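# Residue-level structure breakdown
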Amino acid sequence: MPETYDTRIKRLKMRSMRRGIKEMDIILSAYADNSLAQMSEADITLYDALLNENDQDLYSWVTGQTVPPEKFTDMLADIAQTFQK
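Residues numbered from 1 in each chain as written. Predicted model: local features only at pLDDT ≥ 70, side-chain atom pairs only at ≥ 80, totals over all residues. Heavy atoms only, no water.

Okay, the packing of aromatic side chains next. On inspection of all chains with the given rule, the structure shows two aromatic pairs. With a centroid separation of 5.5 Å and an interplanar angle of 45 degrees, the aromatic rings of Y31 and Y47 are classed as tilted. Residue Y31 is located in helix 2 (residues 22-35), and its partner Y47 is located in helix 3 (residues 41-50); the two are separated by 16 residues in the primary sequence. Residue classification places Y47 among the buried residues on the basis of a relative accessible area of 0%. (Phe/Tyr/Trp six-rings, centres within 6.5 Å; stacked < 30°, edge-to-face > 60°. Helix = DSSP H or I, 4+ residues; strand = E, 2+ residues; numbered from the N terminus. Buried < 20%, exposed > 50% of the residue type's maximum accessible area, 1.4 Å probe, protein only.)

With that out of the way, let us pick up the packing of helix 1 (residues 5-17) against helix 3. Between helix 1 and helix 3, the shortest axis-to-axis distance is 11 Å and the interhelical angle comes to 35 degrees. When you trace helix 1 past helix 3, the crossing you get is left-handed. Here Y5, R8, I9, R11, L12, R15 and S16 of helix 1 lie close against helix 3, whose contacting residues are E41, I44, T45, Y47 and D48. Split by residue class, the contact of helix 1 with helix 3 holds five nonpolar, two polar and five charged. (Axes fitted to C-alpha atoms, helices over the stretch in contact; angles between N-to-C directions. Left-handed = near helix turned anticlockwise from the far one by under 90°. Contact = heavy atoms within 4.5 Å. Nonpolar A, V, L, I, M, F, W, Y, C, P; charged D, E, K, R; others polar.)

Next up on the list: the packing of helix 2 against helix 4 (residues 55-62). At a minimum axis separation of 10 Å, helix 2 and helix 4 run at an interaxial angle of 60 degrees. In this view, helix 2 runs oblique relative to helix 4, as classed from their interaxial angle. For the pair helix 2 and helix 4, the sense of crossing is left-handed. When helix 2 is examined against helix 4, the residues E23, M24, I27 and L28 are found in contact with a partner set consisting of D55, L58, Y59 and V62. (Parallel < 35°, antiparallel > 145°, perpendicular 65-115°, else oblique.)

Further remarks concern helix 3. Those residues of helix 3 that sit buried are I44, Y47, D48 and L50. Along the axis of helix 3, the buried residues cluster in a sector spanning 155 degrees; they form a single face. (Arc of directions from axis to C-beta.)

Below, the discussion takes up the pattern of salt bridges. Summed over all chains, the structure comprises six salt bridges. The salt bridge partner of R11 is E3, with a shortest N-O separation of 2.8 Å. According to the relative accessible area criterion, R11 is partly exposed, its value standing at 27%. (Salt bridge = Lys/Arg side-chain N within 4 Å of Asp/Glu carboxyl O.)

Along the polypeptide, D33 turns up in helix 2. Residues D33 and I21, twelve residues apart in the sequence, show an inter-C-alpha distance of 18 Å.

Together, D43, E70, D74 and D78 make up a negatively charged patch on the protein surface. Structurally, D43 is set in helix 3. For D43, a relative accessible area of 35% gives the class partly exposed. (Patch = residues over 30% accessible without salt bridge, like charges linked within 9 Å, V, L, I, M, F, W, Y side chains within 5 Å. Areas by Shrake-Rupley, 256 points an atom, 1.4 Å probe, with all protein chains shown as cover. Lys, Arg positive; Asp, Glu negative; His and termini not counted. Charge placed at Lys NZ, Arg CZ, Asp CG, Glu CD.)

Structure, rendered in structure tokens:
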């Protein structure tokens, strides 16, 4: 049975706030709360892929310590911007 839109959003929000590093819990849950409902299907799929990445890598990318993979560049810039608001 395919996952419904509402179920997918709930799953992504839960995965955003239940990471492994508290900093990423805070950053990603704020982004998910502010952005998921307005995302296109393609962006939701990209965000789902981003959540499969290692927390240490994600934190390094969001904070600008290392360069992220090109496919995540725009989304990570948006995540960093959302968290700074």
